[in-house]
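# Architecture and fold: a report
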Amino acid sequence: GRSALDGVEAMNMMVNMLREHIHSSSRIHYSITHGGDAPNVVPSFAEVYYFIRHPKLDEVKALLTRVIKTAEAAAHGTETTMEYEIIHGVYNLLPNKTLAELMYKNLQQIGGVHYDDEEQEFARSIASTYDFQDLDQSQVVWPFEFSTNGGGGSTDVGDISWNVPTAGLLTACRIPGSPAHSWQAVAAAGSSIGIKGMLNAAKVLSNTAYDLFSNPQLIEQSLQELKERRGDDFDYEPLFGDREPPLDYRLDE
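Moving on, we come to the nonpolar core. Counting residues in hydrophobic clusters, the biggest one holds 13 residues, and the most contacted among them are M11, V15, L18, I28, Y50, L63 and V67. For this core, the secondary-structure elements that each account for two or more residues are α1 (4-18), β2 (47-53) and α2 (57-78). Ranked by residues supplied to this core, first place goes to α2 with five residues. Aside from chain neighbours lying at most four places away, what touches V15 is I28, Y50, V67 and T70. A123, I126, L135 and I175 belong to the second largest nonpolar core, which has 11 residues in total.

Okay, here's the thing in structure tokens:
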């Protein structure tokens, strides 16, 4: 009568209470990936998968410790045993202003994404599902904004950015106003609109690369900025986790 699923659910309950007492920039997501085999059989094995995120790596490590404690407490209270493994981790983004300003200059020269008549009609049909009308935003190059928090996503580009100067940009590969991770975003990304956004980004990146090859001093400036921002005592520690890289991540067997 010792339920592994009870342990998982007790852990999740404690983590949900933990949310009240962590930094507002922190994020904890979980999914029960195995909860048992039949409702009338006490599960001998259960599994839950967690994402733990924060704009600063030190905060992620501290939060991981607290989440592990909830799992240990849940196992103790349900008289079950607990094992965990760290699959992988990524650093926060460390963007480079020298490169970002250079990239923005090229984006201004190239401009935004323009829709033809067929794309306009398709865009209006997509936008009607979420009541958004200003489709011309795809053509607008927004004012330059240098951000160091990296947004709300996670990417292994973060690791790269702590080792070499790195900058990124966003182009209009989906209809303005459409939410990310939505069917509207997928529909646009797979159309000529998504291809135009991709080519728009490719032009900016290639022109920026040309500028760097033509002016090595810009590379030196970006390297100096990187060294100053990460500090003299920085030592890169890969967050590979406890096993080989999960190359089968989210793939059906």
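Once the structure has been displayed, the description carries forward.
What follows is about unusual backbone geometry. With glycine set apart, most residues show a phi of negative sign, and most peptide bonds adopt trans. Phi is positive for E79, which is not a glycine, with a value near 55°. Along the chain, E79 turns up in the loop between α2 and α3 (97-110). Of the residues examined, E79 reaches a relative accessible area of 53% and is grouped as exposed. Phi at H181 is positive, roughly 55°, even though this residue is not glycine. Exposure remark for H181: the relative accessible area of 84% places this residue in the exposed category.

Attention shifts here to the side chain of N106. For N106, the location among the structural elements is in helix α3. For N106, a relative accessible area of 2% translates into the label buried. From its side chain, N106 meets the backbone oxygen of L102 in a polar contact 3.2 Å long. Beyond its immediate stretch of four places on either side in the chain, N106 contacts V204, N207, T208 and D211.

Before going further, it helps to examine the environment of D156. Tracing the backbone through its elements, the reader meets D156 in the loop between α4 (117-127) and α5 (157-161). Along the backbone, D156 and N92 are 64 residues apart, and their C-alpha atoms lie at a distance of 8.5 Å.

What counts and how
Residues numbered from 1 in each chain as written. Predicted model: local features only at pLDDT ≥ 70, side-chain atom pairs only at ≥ 80, totals over all residues. Heavy atoms only, no water. Core = buried A, V, L, I, M, F, W, Y, C linked by side-chain atoms within 4.5 Å. Buried < 20%, exposed > 50% of the residue type's maximum accessible area, 1.4 Å probe, protein only. Helix = DSSP H or I, 4+ residues; strand = E, 2+ residues; numbered from the N terminus. Contact = heavy atoms within 4.5 Å. Polar contact = N/O pair within 3.5 Å; in protein donor to acceptor, adjacent residues only side chain to side chain.

Any functional reading would require information that these geometric values do not contain.
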